[in-house]
Amino acid sequence: MRKFLALCLAGSLALSTAACGSAQEPEKKEGGGGREKIVISCGLADDSQVVVRQKYMDEPLKKAFPDVDIEFKMYNDRQSLQVEVAGGGGPDILALDGPTDVAEFAKSDRVLAMDSYAQQYKWDELFYDWAYGSCFYNGKLYSLPTSFEGMVLYYNEDVFEEHKWQVPETLEELEALMAEIKEAGIIPLSFGNANYQGAVDWLYSTFTSCYGGPEAVKSALEGNSKFTDPAIRDSLQMMVDWWKAGYIGDNSSQAVTQEDMIAFFAEGRAAMMINGTWATSQLGTVYPDCNWDSVIMPPPQGKDPIFPLATGGGWSINANSPNPDLAAEVLNFLFTNYEDHYASIVEANYQPYPLKTFEMEKIKGVEEKVYEQYEMLMDAQTDNRIGYCSWTFYPSEMRVYMNENTDSVFLDALSLDEYLEKSQSYLDAAIEAGTVPILP
Amino acid sequence: MKISKKKLIPYFFIVPAFLLHACIVTGPALSTLVMSLFEWNGMNQAVFIGLQNFKEIFTQDKIVRLSVIHNIQWLLIFITVPLFLGFTVAILVSQLRRSQMFFRTVYFVPYVISAAVAGKIWTAYMNPYYGLNQVFGKMGFEKLSQVLWLGDPKIALCSVAFVDNWHWWGFIMVLFLGALQQVDSNLYEAARVDGANRFQELIHISIPGIRQTIAFVLIMTIMWSFLTFDYVYIMTNGGPANSTEIMATYIYKNAFVKYRAGYANALCVIQSGICILLYFFQKYVSKKGGLEDD
């Protein structure tokens, strides 16, 4: 009896090992009943966000593709998606963080070049040139931009009214105002990156474009001048000086989370905030009672205001996808389903696709301030007063270095010159390798 | 040669675990060693570059040196504070009769809280605008209320280590308590008969009686100090200004943020090498110090 029990135990252990060791069941690319299946990756969302997404994306896709099983699969982060794709699997359509991430996937042949689909569906006529151009890597199209956004200066209307402060129109007025705000015991510019170090790229992207000048940034990124040149250096020196004076984050931004950053602004603990146009969504849902407004960063006296632009993300087709043609068709539908897209912007604060055909009248139902932000975006594009945000226009390694070391400059652990020299070295390497994104 | 059934049967029990170990531990470990010799972004075709990654680690990368120093600082904190605290409290709790279970539970509770949850809670506690600083301010400790626990590069690592200590020391206490309860009570009686006081009982009976547990806890603490990741990642992510960057977080960043998986593999090899060296060093010191484990 004991021998029998021992053999059963050993057998069950062996079977459990075999179960673990067996190859993972390949992702079914066929839906139920032999239907084709398309899986689209997306970020984590709570139940209420899923319901909203189902209304504006899942249901329209079901109607448009009744014979296809289309599934949105949530991923904790890009790293989980990357590991799955690297293993030869993954969804058919990948939602990636932007051109710099897409470039890494493209380098590894993990995403398909979509030039033939672009010709078929005339995507070059669909998107703004600057957004479409940022999706190319080594001369080929690897993604389509899913949102466009920019950096603005938010201000808390209640705080301004209480202290009778005027919204600054020039850089000089802004600097004078920040001193006054600090004197009043309020944080001039709310900022925190404790739980997301990379948020510093909002700051340096804003300062280099708005105060170094987009021409200087473009020239440096294209290799015609240097990041160490005075225009860019002085703009970043100003950013460092503001941080040290306590204007940005009250000298404690490394100890403040992103959530706190918005909370401090909404509660009036901070008067202003440099943040992206995406912040309106969080302000609207989490702090509906916050009276805020936004302006483009005040320019130096006599100069035009600059709107640093970016694409917020991109959709690519997985090179492992067994249904790339269908995936391209689904992508085309998503970008041309204008009715649901406009509804999602108006009713759920979704960000707009950077489409040439975008009609501002169709989103008149959004909150007035959000509408004004989009008007600023459009006007800046029309007047070519655009700047360059790092997550769209800087080479990946340069951006990673700057994200990891800007705090060191704030805290005097690294000199600004060393920081700029090292950044330039990464830029030089990217220029030589031809991996700098295309700039408008 | 005929092998008897009796000799074969034990292998039936070992083989499954061995296969599991080979698939999950040995295989990936060997793969890490091999991939450390390649330039690889985690997705593309790896390119063999020999010892280039290691050359960069030892000659160019300042952050690696900083990370190792931070791990050593972490180690020094963890082989002293939680061990001393855990042992002292275990001695005290072992004297209790009725309320022993209550105190064991209370001190052990932090250990069962997930690092993600505890890290987030303590990050909020250490926020300079609310949490502990508010309490200190109201109690009149002005200087303390202005401390940037996670924002000051000089103390950020200690702040995170404090939280991990809070999480860890209860587990050490329970281990020591269990070991103390295994010590033969007759030895204590005999010592009292010979005129030994409490302190002498501690030095000559308790500590020698649990020396194997002490050795085990030491080696685990030393190795885990170099493998620690969760609290640093959750609370500071290596910042501010690399002041809390440790090997594990730096490996993660290289692998997944910088797309340098080959380089991250090389860092893993270095990390493992350090752990192995520390293991043998600790074994040698433990043997010399009489803390031999079986």
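Residues numbered from 1 in each chain as written. Chains lettered and ligands numbered in written order. Predicted model: local features only at pLDDT ≥ 70, side-chain atom pairs only at ≥ 80, totals over all residues.

**Remarks on the overall build of chain A**
The condition is simple: In DSSP terms, a helix is any run of H or I states spanning at least four residues, a strand is any run of E spanning at least two, and both are numbered starting from the N terminus. Computation of the radius of gyration draws on C-alpha atoms alone. For the globule rule, the value is 2.2 Å times the number of residues to the power 0.38. Residues are called buried when their C-beta atom has 20 or more other C-beta atoms within 10 Å, exposed when it has 12 or fewer, and partly exposed otherwise; all C-beta atoms are positioned from the backbone. Note on contacts: each residue gets a C-beta atom placed from the backbone, and two residues are in contact if those atoms are within 7 Å.
A tally of helices and strands in chain A yields 19 helices and 13 strands. By the compact-globule yardstick of 22 Å for 440 residues, chain A fits well, its C-alpha radius of gyration being 24 Å. Across its three principal axes, chain A shows a C-alpha extent of roughly 85 × 55 × 50 Å. Counting only residues that meet the buried cut, chain A has 45% of its 440 residues in that class. A separation of at least 24 residues holds for 78% of the contacts in chain A among residues at least 6 apart in sequence.

**Remarks on the overall build of chain B**
The secondary structure content of chain B amounts to 15 helices and 2 strands. In terms of its C-alpha atoms, chain B occupies a principal-axis envelope of roughly 80 × 75 × 30 Å. A buried classification covers 33% of the 294 residues belonging to chain B. Sequence-distant contacts in chain B: of pairs separated by 6 or more residues, those separated by 24 or more amount to 69%.

**Some words on the pairing of strand E1 (residues 36-43) of chain A**
All names here are of chain A. Put simply, the test is: Whether two strands pair comes down to DSSP finding at least two bridges between them. Whether a crossover is right-handed comes down to one check: with the strands pointing away from the viewer, does the path from the first strand over the helix to the second run clockwise; if it does, it is right-handed.
Inspection of the sheet shows E1 paired to strand E2 (residues 68-75) by 8 bridges, in the parallel sense. Following the sheet pairing, Lys 37 is matched in E2 by Asp 69. Handedness of the crossover joining E1 and E2 through helix H2 (residues 47-64): right-handed.

**Focus on the packing of H2(A) against helix H15 (residues 338-348) of chain A**
All names here are of chain A. As a reminder, the rule being used: Angles run from 0 to 180 degrees between N-to-C directions of axes, and those axes are lines fitted to C-alpha atoms, restricted for helices to the stretch in contact. Relative orientations are named as follows: roughly parallel for angles under 35 degrees, roughly antiparallel for angles over 145 degrees, roughly perpendicular for angles from 65 to 115 degrees, and oblique for any other angle. Each residue is assigned to one class: nonpolar for Ala, Val, Leu, Ile, Met, Phe, Trp, Tyr, Cys and Pro, charged for Asp, Glu, Lys and Arg, and polar for all the others, Gly among them.
At a minimum axis separation of 10 Å, H2 and H15 run at an interaxial angle of 180°. As judged from the angle between their axes, H2 and H15 are roughly antiparallel. Along its contact with H2, which presents Val 52, Tyr 56 and Pro 60, the element H15 presents Asp 340, Ala 343, Ser 344 and Ala 348. Classifying every residue of the contact of H2 with H15 gives 5 nonpolar, 1 polar and 1 charged.

**Remarks on the nonpolar core**
The condition is simple: Each nonpolar core comprises buried Ala, Val, Leu, Ile, Met, Phe, Trp, Tyr and Cys residues, the members being joined through C-beta atoms within 7 Å. Where a domain begins and ends is set by an automatic assignment or by a domain database.
If you look at the biggest cluster of nonpolar residues, it comprises 159 residues, and the most contacted ones within it are Ile93(A), Val102(A), Tyr154(A), Leu189(A), Ala270(A), Leu331(A) and Leu267(B). Built from parts of two domains, this core gets at least three residues from each of domain 1 (32-145 + 313-350) and domain 2 (149-310 + 382-433) of chain A. If you look at the next biggest cluster of nonpolar residues, it comprises 17 residues, including Ala90(B), Val93(B), Trp169(B) and Ile172(B).

**Considering the interface of chain A and chain B**
Counting from both sides, the interface comprises 30 residues of chain A and, opposite them, 29 residues of chain B. Of all the elements in the fold, those that place two or more residues in the side of chain A that touches chain B are helix H1 (2-21), helix H3 (78-86), helix H4 (99-107) and helix H18 (396-410) of chain A. A total of 7 residues in the side of chain A that touches chain B trace back to one element, the largest contributor, which is H1(A).

**Brief notes about the pairing of strand E11 (residues 307-311) of chain A**
Residues and elements named next belong to chain A. Judged by how many residues are buried, E11 sits mostly within the fold: 5 of 5 residues are covered. Taking every second residue as pointing to the same face, both faces of E11 are buried, with Phe 307, Leu 309 and Thr 311 on one and Pro 308 and Ala 310 on the other. In this structure, strand E7 (residues 148-156) lies alongside E11, joined through 3 bridges in antiparallel fashion. Directly across from Glu 149, in E11, lies its bridge partner Ala 310. Summarising the sheet, E11 and strand E13 (residues 386-388) pair through 3 bridges and their orientation is parallel. Note on E13: the bridge partner recorded for Leu 309 is Tyr 388.

**Points about helix H3 (residues 62-78) of chain B**
All names here are of chain B. Test applied: Given the number of residues in a helix, its expected span is that number minus one, multiplied by 1.5 Å. As used here, the arc belongs to the directions running from the helix axis to the C-beta atoms.
Helix length check: H3, at 17 residues, gives a terminal C-alpha distance of 24 Å against a target of 24 Å (1.5 Å per residue), a fit within 8%. Residues of H3 that are buried include every one of Val 64, Ser 67, His 70, Asn 71, Trp 74 and Phe 78, and no others. The buried residues of H3 all sit within an arc of 125° when viewed along its axis, so they share a single face. Facing away from the buried surface of H3 by more than 90 degrees, the exposed residues are Lys 62, Arg 65 and Leu 76. Buried-residue contacts for H3 involve helix H2 (52-59), helix H4 (81-94), helix H9 (156-182), helix H12 (211-227), helix H14 (247-257) and helix H15 (261-288).

**Looking at the environment of Ser235(A)**
Residue and element names in this part refer to chain A. Of note, Ser 235 is situated in helix H11 (residues 230-244). Exposure remark for Ser 235: the 20 C-beta atoms within 10 Å place this residue in the buried category. Separated by 20 residues in the primary sequence, Ser 235 and Glu 215 have C-alpha atoms spaced 13 Å apart. Among all residues touching Ser 235, those that are not within four sequence positions of it are Phe 207, Thr 208, Tyr 211 and Gly 212.

**A closer look at the domain arrangement of chain A**
Residue and element names in this part refer to chain A. Per the domain assignment, the segments of chain A are domain 1 (32-145 + 313-350) and domain 2 (149-310 + 382-433). Each of domain 1 and domain 2 was reduced to a C-alpha centroid, and the two centroids are 30 Å apart. Listed per partner, the contact involves 8 residues of domain 1 and 9 residues of domain 2. Per-element accounting of the side of domain 1 that touches domain 2 gives the leading share, 4 residues, to H4. Taken together, the residues of the side of domain 1 that touches domain 2 break down into 3 nonpolar, 4 polar and 1 charged.

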